[in-house]
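# Examining the three-dimensional arrangement
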Amino acid sequence: MELIQRPRRLRGNDKVRRLCRETRMSPDSLIYPIFVDETLQGVRPIEALPGQNHYGIDSVNLAVEECLAAGVNHCILFGLPAAKDAIGSSAWDEHGVVQEAIRAIKREHPDFYVITDVCMCEYTDHGHCGILCGHEVDNDKTLEVLARTALSHVQAGADMVAPSDMMDGRVAAIRAILDQHGYTSTPIMAYSAKYASAFYGPFRSAAGSAPSFGDRKGYQMDPHNRKEAMKECALDIEEGADIIMVKPALSYLDVIRECSDAYDLPMCAYQVSGEYAMIKATAAAGLIDEYRIMCETAVSIFRAGANMLITYYAKEIAQAIMKGEIG
């Protein structure tokens, strides 16, 4: 009699299925985005991102405490400044919104790990990610202000900086200024393969960062390109990045896998606002099970090769992991 292969033996009950899981997840691998509005006192729901809030500097620790209660120990901060100008000068203000939010968090929760997004789009009055020369972003002039911004975040107490602007040479510029000021141990998480995606819409509404003209295709990546992502990751690694990232996540799982296989650095993925909002909207319409879809999409991102995940579902995913339902 021909031997029948029986892989179902390892699917027979929950105990053996969990024993044999290939993809392992931990709450320690989750990063929660926090939006801080300099003009706000208290908390305000974000209409474009159901379940998410804007926080004032006075209330940002409410977000941190919710993270800690859920088992999430890392955040990434995004700032909404009170004033904007052509060069985004409030981005590197010693007393800017992100800088003060960092100090507020570290006073109350010194061990909570704070990553800061480093970009100009929330701070410029035109909404582009750098300094303009006419209607084009001037790459090299932007490097100086990105480096100043990153330094100001670290001086305020940030544990890690994450440049998301997609300027050429930004990692090297940031690494150089941090090292010059003695911050040789501060890591850089590079948004290495950041695509010019339609999935960013709710974030731009939440962060007030939509460009006032044109688009960002001149510096963010073409969604058609895979090899270019490999090149961008390689360049960031050469310049001194400690962590590389692919953004968005779900439509770019192939890129996460390829870059993760090719490079030894930790791989971050960002499950962006549009991915989150689609799940929320479809669940609200009664068409899907939100919890199961949340879990399945998170697993898929880690299975593709991500070592960490920025997600608006970080708190809920952490709870699912601790219950043993995923991870």
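Given the structure is predicted, the values throughout are model-derived calculations rather than measurements.

A grouping of R6, R8, R9 and R11 is seen on the molecular surface, where their side chains present a positively charged patch. Its relative accessible area of 60% is what places R9 among the exposed residues.

Time to look at the packing of helix 10 (residues 290–304) against helix 11 (residues 314–322). As a packed pair, helix 10 and helix 11 sit with axes 10 Å apart at the nearest point and diverge in direction by 85 degrees. The angle between the axes of helix 10 and helix 11 places the two elements in the roughly perpendicular class. Contacts from Y291, M294, C295 and A298 in helix 10 reach E316, I317 and A320 in helix 11. Broken down by class, the residue content of the contact of helix 10 with helix 11 amounts to 6 nonpolar, no polar and 1 charged.

Consecutive side chains of a regular strand alternate in pointing toward one face of the sheet and then the other. The buried fraction of strand 1 (residues 30–37) is high, at 8 of 8 residues. The alternating pattern of strand 1 places L30, Y32, I34 and V36 on one face and I31, P33, F35 and D37 on the opposite face, and all of these are buried. As paired elements, strand 1 and strand 12 (residues 308–311) share 2 bridges and run parallel to each other. Bridge assignment links I31 to a residue of strand 12, and that residue is I310.

Turning our attention to the side chain of T142. As for its placement among the helices and strands, T142 is situated in helix 4 (residues 139–156). Setting aside residues up to four positions removed in sequence, T142 forms contacts with M120, C129, G130, I131, V137 and M167.

This paragraph deals with the packing of aromatic side chains. Counting across every chain of the model gives 9 aromatic pairs. When the centroid spacing of 6.3 Å and the interplanar angle of 45 degrees are considered together, the rings of Y270 and Y312 count as tilted. Residue Y270 is located in strand 11 (residues 267–271), and its partner Y312 is located in the loop between strand 12 and helix 11; the two are separated by 42 residues in the primary sequence. What makes Y270 buried here is its relative accessible area of 1%. Assessed through its relative accessible area of 0%, Y312 is described here as buried. By way of ring pairs, the aromatic residues F35, F78, Y191, F203, Y270, Y276, Y312 and Y313 are connected into one cluster. Taking NZ or CZ as reference, K194 lies 5.9 Å from the ring centre of Y200, over its face. In this arrangement the basic side chain of K247 is found over the ring face of Y270, its NZ or CZ atom lying 4.7 Å from the centre.

What follows concerns the pairing of strand 8 (residues 160–163). The two faces of strand 8 match: M160 and A162 on one face and V161 and P163 on the other face are all buried. In this sheet, strand 8 lies alongside strand 5 (residues 113–118) in parallel orientation, the contact comprising 4 bridges. Directly across from T116, in strand 8, lies its bridge partner V161.

Its 18 residues place the ends of helix 4 26 Å apart at the C-alpha level, agreeing with the 26 Å of an ideal helix rising 1.5 Å per residue. For helix 4, the full list of buried residues reads T142, L143, V145, L146, A147, T149, A150, L151, S152, H153, V154 and A156. Contacts made by the buried residues of helix 4 are with helix 3 (97–108), strand 5, strand 7 (136–137), strand 8 and helix 5 (170–180). Capping the start of helix 4 is the job of one residue whose side-chain oxygen sits 3.2 Å from the backbone nitrogen of D140: D138. Once helix 4 finishes, G157 follows within two positions and takes phi at roughly 120 degrees, a positive value.

On to the pattern of salt bridges, then. With the rule as written, the count across this model stands at 12 salt bridges. Residues R103 and E100 are paired through a salt bridge, measuring 2.8 Å at the closest nitrogen-oxygen approach. Taken as a pair, R103 and E100 lie in helix 3 at a separation of 3 residues, close to a single helical turn. Between E290 and K280 there is a salt bridge; the shortest N-O distance is 2.9 Å. Of this pair, E290 sits in helix 10 while K280 sits in helix 9 (residues 273–284), and the two are 10 residues apart along the sequence.

Residue K247 is joined to P248 through a cis peptide bond whose omega torsion reads -5 degrees. Relative to the helices and strands, P248 resides in the loop between strand 10 (243–247) and helix 8 (253–262). With a phi angle near 70 degrees, M166 is a residue other than glycine that sits in the positive phi range. Looking at the secondary structure, you find M166 in the loop between strand 8 and helix 5.

Look at helix 9 against helix 10: their axes get within 10 Å of each other, and the N-to-C directions meet at 155 degrees. Classified by the angle between their axes, helix 9 and helix 10 sit roughly antiparallel to one another. Between helix 9 and helix 10 lies a crossing whose hand is right-handed. Contacts between helix 9 and helix 10 involve I279, K280 and A283 from the former and E290, I293 and T297 from the latter.

Looking now at the nonpolar core. Of all hydrophobic cores here, the largest spans 107 residues; its most connected members are I34, F35, L77, M189, I256, Y270 and I317. Broken down by element, this core gets its largest block of residues, 8 residues, from helix 4. When residues no more than four places from it in sequence are discounted, the contact partners of I317 are M25, L30, M294, A298, L309, T311 and I326.

Cut-offs used in this document
- Counting starts from 1 at the beginning of each chain's written sequence and moves along it residue by residue.
- Thresholds applied to this predicted model are a pLDDT of at least 70 for local features of residues and 80 or more for the giving and counting of side-chain atom pairs; totals over whole chains, interfaces and linings are not thresholded and use all residues.
- Excluded from the side-chain calculation are hydrogens and water; included are all heavy atoms of the structure.
- A patch consists of residues whose relative accessible area exceeds 30% and which take part in no salt bridge; residues with like charges are grouped when within 9 Å of each other, and nonpolar side chains (Val, Leu, Ile, Met, Phe, Trp, Tyr) when within 5 Å.
- Areas reported as accessible are Shrake-Rupley estimates using a 1.4 Å probe. Residue values count occlusion only from the protein chains shown.
- A carboxyl oxygen of Asp or Glu within 4 Å of a side-chain nitrogen of Lys or Arg is what we treat as a salt bridge.
- Neither His nor the chain ends contribute to the count of charged residues, in which Lys and Arg are positive and Asp and Glu negative.
- In this description, the location of a charge corresponds to atom NZ of lysine, CZ of arginine, CG of aspartate or CD of glutamate.
- Throughout, exposure labels follow a simple rule: accessible area from a 1.4 Å probe, protein chains only, divided by the maximum for the residue type, with under 20% read as buried, over 50% as exposed, and the rest as partly exposed.
- A fitted line through C-alpha atoms serves as each axis, taken over the contacting stretch for helices, and the angle formed by two N-to-C directions is quoted from 0 to 180°.
- Runs of E in the DSSP output that reach at least two residues are strands. Runs of H or I that reach at least four are helices, and both are numbered from the N terminus.
- Working rule for angles: under 35 degrees goes down as roughly parallel, over 145 as roughly antiparallel, 65 to 115 as roughly perpendicular, anything else as oblique.
- Two residues qualify as a contact provided that any one of their heavy atoms is within 4.5 Å of a heavy atom in the partner residue.
- Classes in brief: Ala, Val, Leu, Ile, Met, Phe, Trp, Tyr, Cys and Pro nonpolar; Asp, Glu, Lys and Arg charged; the others, Gly included, polar.
- Strands pair, by our definition, only if DSSP identifies at least two bridges between them.
- Note on aromatic pairs: the rings of Phe, Tyr and Trp (six-membered ring only in Trp) are paired at centre separations within 6.5 Å, and the planes decide the class, stacked below 30 degrees, edge-to-face beyond 60, tilted for the rest.
- Charge-over-ring placement is defined geometrically: NZ (Lys) or CZ (Arg) within 6 Å of the ring centre, and within 35 degrees of the ring normal.
- Helix span, as expected, comes to 1.5 Å for every residue beyond the first.
- Contacts described as polar in this section are N or O atom pairs within 3.5 Å, which, within protein, must combine one atom able to donate a hydrogen with one able to accept it, while residues neighboring in sequence count only if both atoms come from side chains.
- We call a crossing left-handed when the near helix sits turned anticlockwise from the far one by less than a right angle, and right-handed when that turn is clockwise.
- For the purposes of this section, nonpolar cores are sets of buried Ala, Val, Leu, Ile, Met, Phe, Trp, Tyr and Cys residues that join through side-chain atoms within 4.5 Å.

As far as function goes, none of this settles anything; it's purely spatial.
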